[in-house]
Amino acid sequence: MNEPRTDPETEPETEAVAETEAEDVAEDLDVAEAPEAVFQVRVRMTWRGVGQVLAFLILVLAAAGFVAGGLSRGSGTAAMVFIVLGALGFALFGAGLLATAGRVLGRRPVLELTPEGVLRPARWPMPRRADRTLPWSRIEAMTALRRGVPSTRRGEQDYLVFLPSAELVEMARTADRPRLIALTLTDVPATAEAAAWCFAVEPAWDASLKEIVAQARRRALIPVIDRRKR
């Protein structure tokens, strides 16, 4: 899709799949009504999230056991090794436990669509004043793409990227798949501006990619580029 859609009845048949999905969802949501002030996407409580919390808890307890074992051995070299390793593990796994528990139990949104723009909430436990916003006026388009991620169930994951420049839009439309993946990588200077507004669409999110696209277009009629299958 090269231009924003203004008349759904005259839309060419060659529009991107994401555009069609956005239209279908928008109809379900009754676009005649004004959108909610803020649309928030959160991570649902899942067994996988609970499992991650329990795994970190077990590691923290194991690290504490190392410390306790070292203390019980007295002041020898072996005891000091146990204490140091236990303390390092306790600090590392404790931080992981807090971060995971905060993400799963804290219910902080991972994405917000506001009347002003796209808001990326700061990760817990960072304060909300660290949130970042990309105004709608700066968004040239958004693209949906898919890349391989070994840790996922199907070995791949969908991403939604908000593109703040015409150059990035052209890249999203024309780049081959290996170059397209750069839009999701923060360590590539040429696409760092897009990667800052790249969201990995998790299966545990309480909103689908289709619904997020529709909600975004209710707030700003910006083009959608679907590169998930090509």
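Structure's up top.
Residues numbered from 1 in each chain as written. Predicted model: local features only at pLDDT ≥ 70, side-chain atom pairs only at ≥ 80, totals over all residues. Heavy atoms only, no water.

A. Up close: the side chain of R146. Tracing the sequence through the fold places R146 in strand 5 (residues 141-148). According to the relative accessible area criterion, R146 is buried, its value standing at 15%. A polar side-chain atom of R146 sits 2.6 Å from a polar atom in the side chain of D158. In this structure, R146 is in contact with E156, Q157, D158, R177, I181, R227, R228 and K229, ignoring residues within four places of it in sequence. (Helix = DSSP H or I, 4+ residues; strand = E, 2+ residues; numbered from the N terminus. Buried < 20%, exposed > 50% of the residue type's maximum accessible area, 1.4 Å probe, protein only. Polar contact = N/O pair within 3.5 Å; in protein donor to acceptor, adjacent residues only side chain to side chain. Contact = heavy atoms within 4.5 Å.)

B. Up close: helix 3 (residues 77-105). For helix 3, built from 29 residues, the straight-helix expectation of 42 Å at 1.5 Å per residue is met to within 8% by its first-to-last C-alpha distance of 41 Å. Three or more residues of helix 3 are buried, namely A79, G86, G89, G94, G96, L97, T100, A101, G102 and V104. Among the structural elements, helix 2 (47-72) are those in contact with the buried residues of helix 3. Downstream of helix 3 by one or two residues, R107 has phi in the positive range, about 60°. (Expected span 1.5 Å × (residues − 1).)

C. Spotlight on the environment of K210. On the secondary structure map, K210 appears in helix 7 (residues 209-219). Its relative accessible area of 36% is what places K210 among the partly exposed residues. With 66 residues separating them along the chain, K210 and A144 place their C-alpha atoms 9.8 Å apart.

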